[in-house]
Amino acid sequence: MAKSIVYSILVVVYCILLEVIFRYIKSRYKFLISVCISLIVLFIFYLIAPLKEFFVIPFLIFVLLVLDNINYFSEQSKKDKFYQPQIEELENKYKSISEENKKVKEQYLNLEKRLQKVLNTFYLIQEINNNLKVEGIIKDIYDKIKSLYPGCIRYISLVKSIRKENVDIIEYPEHREYVSKLSPFSMKTNIIVFGEYNVYLFDFSFNEHEIRIIVEYIPTEEEAEFLQFVDFIFSKVKPTLKRSLLFKEVEEMSRIDGLTSLYLRRYMVKKLQEETIRAYRYNTVYSLLMIDIDFFKKVNDTYGHLVGDNVLSNLAKLFKDFIGGKGIISRWGGEEFLILLPYTDKEEATKIAENLRKEVEENKFYFNNVILNITISIGVSSFPADGSDYYQLINSADNMLYKAKQTGRNKVVSSIKD
């Protein structure tokens, strides 16, 4: 009796397990494995059955489940044949949608990058519009373009010219060889190729000047986008550049003499203050040349002020050509000039002054049909030999100049003892 009860419980458990197993089987391969295992278990049930009649129940359940699953797989096969084309079509659509989604995502990322660049451009233009210095604008543009296209841009400059002669160059970083390289090319040329790099040009007019912006860049895959961006930037900042150039001209006018293009007295005083501080700090020397044109009043009285102005203008040009980068020249008074020579002692300054005097004496000044020979007198003073501040030096140079004029003119006088 006990064996019959245990056997009955085992049969019930077996039937439940068969039901569960066969219900969740979805492939023929797993179904065949389950059938084989069930047959083995069924054979064991047959062997241990207390009465062979008890074996009929698990056997019938097994047969029913197998038939039910065979029917299921048969129906499934029919459904597969019927729905397979639709499934394949849906799979293709899904694949296509996935690819489209990938493209859309890439486009979104590209648009996001472009939007960021547009925002950066907007902020760049906003920054530039707040800058009054042309030098600052050129550096700002270079830095911003460098941050967006680090592999492209190498150099940027603004060249200001009048009648094909360059009058001002603002560049970043310093690289002035471009001015001579690009001068033969037409202003209409947009891109010039120089071996491993290209040069982009952006031109516009400002008053009577021609303004050329030069950008050196290395051709890359981003070249088209880079050039479009650069062209957009310059077209937007052109009004700001014009405003800054105008501001610079006004600033120059406040420190440059209009007739001679030399520094005005006020600016020279500022430079003398700076040079004196530097001389004290680094224990260096500097010298001053105070210059006066001999008998200049006679020139004005005899030939008129137009000739006199022409003499002043040409004499200033001669001074600039002669001194070059060795000093700073200013128009100190009507026909007086002051030259600052940094790091120059009195002996060397006296030699420079004598050579300059000879240069002027040998030069001929032409104006219409008038040919003039001009001479100058020069007084020399030096720091610290002739004073501890620039006031004393100016006074000393003026005294030396007065002595030169009193002792015959057309000479150089300094406190050097022979």
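That block above? That's the structure.
Residues numbered from 1 in each chain as written. Predicted model: local features only at pLDDT ≥ 70, side-chain atom pairs only at ≥ 80, totals over all residues. Heavy atoms only, no water.

Colleague: Looking at this structure, I do not really get the overall build of the chain. What am I missing?
Modeller: Broken down by element type, the chain carries 11 helices and 12 strands. For the chain, the proportion of its 418 residues judged to be buried stands at 39%. Pairs at least 24 residues apart make up 64% of the contacts formed inside the chain by residues separated by at least 6 positions. Accessible area for the chain stands at about 25,400 Å²; split by element, carbon and sulfur atoms hold 57% of it. (Helix = DSSP H or I, 4+ residues; strand = E, 2+ residues; numbered from the N terminus. Buried < 20%, exposed > 50% of the residue type's maximum accessible area, 1.4 Å probe, protein only. Contact = heavy atoms within 4.5 Å. Areas by Shrake-Rupley, 256 points an atom, 1.4 Å probe, with all protein chains shown as cover.)

Colleague: Would you mind showing me how to read the sheet that holds strand β6 (residues 286-293) here?
Modeller: Sheets are built from strands that pair by backbone hydrogen bonding, the pairs being arranged parallel or antiparallel. Spatial strand order, β7-β8-β6-β11-β12: five strands in an open sheet with mixed pairing. Bordering the open sheet on either side are β7 (328-331) and β12 (412-413), each of which pairs with just one other strand. Of the pairings in the sheet, the one linking β7 to strand β8 (residues 336-342) comprises four bridges and is antiparallel in character. Bridge pairing in β8 links Ile328 to Leu340. Together, β6, β7, β8 and β11 (376-383) form the strand contacts of helix α9 (residues 305-323), whose direction differs from that of β8 by roughly 10 degrees. Contacts from helix α10 (residues 346-362) reach β6, β8, β11 and β12, with the element oriented near 165 degrees to β11. (Pairing = 2+ DSSP bridges. Axes fitted to C-alpha atoms, helices over the stretch in contact; angles between N-to-C directions.)

Colleague: Help me understand the side chain of Arg357 in this model?
Modeller: For Arg357, the location among the structural elements is in helix α10. With residues up to four places along the chain from it excluded, the contact list for Arg357 reads Ile376, Ile378, Asn410, Lys411 and Val412.

Colleague: I keep staring at a nonpolar patch on the surface and nothing clicks. Help me out?
Modeller: Side chains of Ile5, Ile9, Val13 and Leu17 sit close together on the surface and give an oily, nonpolar patch of about 350 Å² of accessible area. Residue placement: Leu17 occurs in helix α1 (residues 2-23). Taking relative accessible area as the criterion, Leu17 reaches 47% and is therefore assigned partly exposed. (Patch = residues over 30% accessible without salt bridge, like charges linked within 9 Å, V, L, I, M, F, W, Y side chains within 5 Å. Salt bridge = Lys/Arg side-chain N within 4 Å of Asp/Glu carboxyl O.)

Colleague: Could you clarify how one ought to interpret the environment of Val63 in this entry?
Modeller: For Val63, the location among the structural elements is in helix α3 (residues 56-129). On the basis of relative accessibility, which here comes to 29%, the residue Val63 falls in the partly exposed class. Here the alpha-carbon distance between Val63 and Val35, two residues 28 residues apart in the chain, equals 9.9 Å.

Colleague: Whenever I open this one, α9 confuses me. Can you help?
Modeller: One full turn of an α-helix is made of 3.6 residues, so residues set three or four places apart face in the same direction. Relative to the 27 Å expected for 19 residues at 1.5 Å per residue, α9 spans 27 Å between its end C-alpha atoms, a close match to the ideal helical length. When we look at burial in α9, the residues that qualify are Val307, Gly308, Asn310, Val311, Leu312, Leu315, Ala316, Leu318, Phe319 and Ile323. (Expected span 1.5 Å × (residues − 1).)

Colleague: Explain the pattern of salt bridges to me, please; I cannot follow it from the model alone.
Modeller: Side-chain pairs of opposite charge can arise whenever the charged atoms involved come near each other. If you walk through the whole model with that rule in mind, you get 13 salt bridges. For the salt bridge of Asp143 with Lys139, the shortest nitrogen-to-oxygen distance reads 2.8 Å. In this pair, Asp143 and Lys139 both sit in helix α4 (residues 134-148), four residues apart, roughly one turn of the helix. Look at Lys139 and you get partly exposed, because its relative accessible area is 35%. With a shortest N-O distance of 2.6 Å, Arg278 and Glu275 are connected by a salt bridge. Pair noted here: Arg278 and Glu275 are both in helix α7 (residues 265-282), with a separation of three residues, about one helical turn. Sharing partners across several salt bridges, the network here consists of Glu354, Arg357 and Glu361.

Colleague: Whenever I open this one, the pairing of strand β1 (residues 153-162) confuses me. Can you help?
Modeller: Side chains on a regular strand alternate between the two faces of the sheet. For β1, the tally of buried residues reaches nine of 10 residues, placing the bulk of the element in the interior. Two strands pair when backbone bridges link them, and β1 and strand β5 (residues 209-217) are joined in this way by eight bridges, in the antiparallel orientation. Residue pairing across strands places Lys160 opposite Ile211, the latter belonging to β5. In this structure, β1 lies alongside strand β2 (residues 165-172), joined through seven bridges in antiparallel fashion. Residue pairing in the sheet places Ser157 in a bridge with Glu171 of β2. Taking the residues that link successive antiparallel strands as the turn, the β1-β2 hairpin has two residues, and the phi of Arg163 there is positive, at about 50 degrees.

Colleague: Even after reading the chapter, I still don't get the environment of Leu315, so can you show me in this structure?
Modeller: Following the sequence through the fold, Leu315 ends up in helix α9. C-alpha separation for the pair Leu315 and Val360, spaced 45 residues apart in sequence, amounts to 7.8 Å. Excluding residues that lie within four positions of it along the chain, Leu315 makes contacts with Ile293, Phe337, Val360, Phe365 and Ile376.

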